[in-house]
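So the chains spell out like this:
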Amino acid sequence: MSDVSQLQKVLDRIDAEFDNSLERLFALLRIKSISADPAFAADCRAAADHLCKDIATLGFASEVRPTDGHPAILAKSNSGRAGKRPHVLFYGHYDVQPVDPLNLWHRPPFDPLVTNHADGRKIIVARGAEDDKGQLMTFVEACRAWKAVTGSLPLDVTIIIEGEEEVGSKNFVPFLEKNKQDLKADFALVCDTGMWDPNTPAITTSLRGLVYDEVKIKAANRDLHSGIFGGGAQNPIRVLTRILGSIFDEEGRITIPGFYDGVKDLPADILAQWQKLNLTPETFLKPIGLSIPAGEKDRLLIEQISSRPTCDVNGIVGGYTGEGSKTVIPAEASAKISFRLVEGQDPDRIRKAFRDYVTARLPGDCRVEFTEHSNAPAVALDWNMKPLAAAGRALTEEWGKEAVLMGSGASIPIVADFKRTLGLDTVLVGFGLDDDNIHSPNEKYDLRSFHKGIRSWARILASLAEQPR
């Protein structure tokens, strides 16, 4: 357990040592750990070795462990009190996205720098500054401060850092299965999410699931001359677009039978909190050149993007799309479709319902083929989970504003993997901002996010330590 005076000393230590924390982050940012490109495999290994050695200096039993792809780091604190106090599993990833297009970067992407944002904020610019090196280092630096001040951590910690998150973590679930015994904990912590705004901390309590399918409709055995066959031959583009267009009604609802089965409304108190956030088309859509919400008309915009299921056509191809003109009726047309799912929806049932919907509307002379891509269930935490409340109190104390419990429209598959493989719920706390340009040129992380992120984790560790097992 930790008292108030100890925590204040830890926070003071974080402030006094912040320049050194920043330099340690820069050392990690300089490593070109691009997981998607085999040419950087040695750099990924170097990043794993670097983090392993750094975490070991905090008194963790730390080692690099192999996977069938890039290696992972597994580190365990040595308190000598295992089983007698809360135990958390912290997750992060050291791999980063490719930097292309390089010509759009204002400076070399692996040469980190603190500079000024256009609005005057101090920012760290580099690939991985936010996603996820800066984020994971907020936790590591919080642990460092606790160890420096008190000689120990307020609870037991296992750290797991992977090197393939940016390429789908395809080798990570087998790694979890293989290392179950070493990954036992009471719950998991993930720092790969964001704030509500630059001054309002947030805890992500739900993540939408994902079903990604591809549909191809075929008709004639070759492309046809539209002057000769037009009006008599079936056109797969017309068939495909008619079916896809019918998925949505005039109220923005999805018409696939059974699509909303199991979908629940938000708790009244959470909906009231979200209403107070006042997310409007003016603030959310205007910056991208839009003004009218396109989802269910009887739902708030924040519900549309965070807690309601969706369907989107991500790409459509058919016929001639080159320069000039070519008057053909194509032999086939295809589209890629993604569904973002919420708690209560089963990905396999949604995929089958979509395919049944398409097949039932297929006219004669047409055939359909489907290709399965991604498939991940939604994740939702118990709104009353005690670690959630403890983390919320800590964030509120640090930022001076009540922490928002928010849903994320995106998917983080590792959270479902932790639940399915290790039986762990996950508390998701992050300090990223919407304008951090993750996956894009000129990725940045606010200097304040990094500093207060470290302080936030120091407070969260203290608050979680007070929770009974």
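Above this text you will find the structure in question.
Residues numbered from 1 in each chain as written. Predicted model: local features only at pLDDT ≥ 70, side-chain atom pairs only at ≥ 80, totals over all residues. Heavy atoms only, no water.

A.B. asks: Explain the side chain of H87 to me, and be specific about the residues and the numbers.
C.D. replies: Among the secondary structure elements, H87 is positioned in strand β3 (residues 87-93). For H87, a relative accessible area of 16% translates into the label buried. Polar side-chain contacts of H87 include one of 2.8 Å to the side chain of T158. Excluding residues within four positions of it along the chain, H87 makes contact with K76, D156, V157, T158, K184, A185, D186 and F187. (Helix = DSSP H or I, 4+ residues; strand = E, 2+ residues; numbered from the N terminus. Buried < 20%, exposed > 50% of the residue type's maximum accessible area, 1.4 Å probe, protein only. Polar contact = N/O pair within 3.5 Å; in protein donor to acceptor, adjacent residues only side chain to side chain. Contact = heavy atoms within 4.5 Å.)

A.B. asks: Just give me the short version of the pairing of strand β4 (residues 113-116), but keep the residues and values in it.
C.D. replies: Examined bridge by bridge, β4 and strand β5 (residues 122-125) share four bridges and lie antiparallel to one another. Note on β5: the bridge partner recorded for T115 is I123. Taken together, β4 and the strand that follows it, β5, pair antiparallel across an intervening segment of five residues, in which G120 is found at a positive phi of about 100°. (Pairing = 2+ DSSP bridges.)

A.B. asks: Let's hear about the sheet that holds β5: which residues, and what values?
C.D. replies: Here three strands make up an open sheet; going across it, the order is β4-β5-β18 and the pairing antiparallel. On the outer flanks of this sheet lie β4 and β18 (444-446), each paired with one strand and no other. Each neighbouring strand pair of the sheet contributes to a mean axis angle of 35°, computed without reference to strand direction. Its contacts with the sheet place helix α14 (residues 447-465) against β4, β5 and β18, and it is angled at close to 60° to β18. (Axes fitted to C-alpha atoms, helices over the stretch in contact; angles between N-to-C directions.)

A.B. asks: I'd like a description of a negative patch on the surface, backed by residues and values.
C.D. replies: A cluster of acidic residues, D249, E250, E251 and D298, forms a negative patch at the surface. Within the fold, D249 resides in the loop between α7 (236-245) and α8 (268-277). For D249, a relative accessible area of 34% gives the class partly exposed. (Patch = residues over 30% accessible without salt bridge, like charges linked within 9 Å, V, L, I, M, F, W, Y side chains within 5 Å. Areas by Shrake-Rupley, 256 points an atom, 1.4 Å probe, with all protein chains shown as cover. Salt bridge = Lys/Arg side-chain N within 4 Å of Asp/Glu carboxyl O. Lys, Arg positive; Asp, Glu negative; His and termini not counted. Charge placed at Lys NZ, Arg CZ, Asp CG, Glu CD.)

A.B. asks: Provide a residue-level description of the sheet that holds strand β9 (residues 209-218), including the pertinent values.
C.D. replies: On the basis of which strands lie adjacent, the open sheet formed by four strands has the order β11-β13-β9-β14 and antiparallel pairing. Among the strands making up the open sheet, the edge pair consists of β11 (310-318) and β14 (367-376). Mean inter-strand twist for the sheet, computed between neighbouring axes without regard to direction, equals 15°. Bridging between β11 and strand β13 (residues 332-341) involves eight bridges; their strand directions are antiparallel. For V313, the partnering residue across the bridge sits in β13 and is I337. In the packing of α7 onto the sheet, contacts are made with β9, β11 and β13, and the angle to β13 comes to roughly 15°. Its contacts with the sheet place helix α11 (residues 347-360) against β9, β13 and β14, and it is angled at close to 160° to β14.

A.B. asks: Could you give an account of helix α12 (residues 386-399), with specific residues and numbers?
C.D. replies: Helix length check: α12, at 14 residues, gives a terminal C-alpha distance of 20 Å against a target of 20 Å (1.5 Å per residue), a fit within 8%. Buried within α12 we find P387, L388, A390, A391, G392, A394, L395, E398 and W399. Of the residues trailing α12, G400 is marked for its positive phi of about 75°. (Expected span 1.5 Å × (residues − 1).)

A.B. asks: Give me the lowdown on the packing of helix α4 (residues 133-150) against α14, citing residues and values where you can.
C.D. replies: At a minimum axis separation of 8 Å, α4 and α14 run at an interaxial angle of 55°. One element, α4, and the other, α14, form an angle in the oblique class. Note that α4 runs across α14; the crossing there is right-handed. Taking contact as the criterion, the partners of G134, M137, T138, F139, E141, A142, C143 and W146 in α4 are, on α14, S449, F450, G453, I454, W457, A458, L461 and A462. Of the residues that constitute the contact of α4 with α14, the class distribution is eleven nonpolar, four polar and one charged. (Parallel < 35°, antiparallel > 145°, perpendicular 65-115°, else oblique. Left-handed = near helix turned anticlockwise from the far one by under 90°. Nonpolar A, V, L, I, M, F, W, Y, C, P; charged D, E, K, R; others polar.)

A.B. asks: A description of the packing of helix α2 (residues 18-29) against α4 should follow, citing residues and the corresponding values.
C.D. replies: How two helices sit against one another is set out by the angle between their axes and by the gap between those axes. At a closest axis distance of 10 Å, the pairing of α2 and α4 adopts a crossing angle of 140°. Classed by the angle they form, the pair α2 and α4 counts as oblique. Two packed elements cross with a definite hand, and for α2 against α4 that hand is right-handed. Of α4, the residues touching α2 (which contributes S21, R24, L25, L28 and L29) are K133, G134, M137, E141 and R144. Among the residues forming the contact of α2 with α4, the class breakdown is four nonpolar, two polar and four charged.

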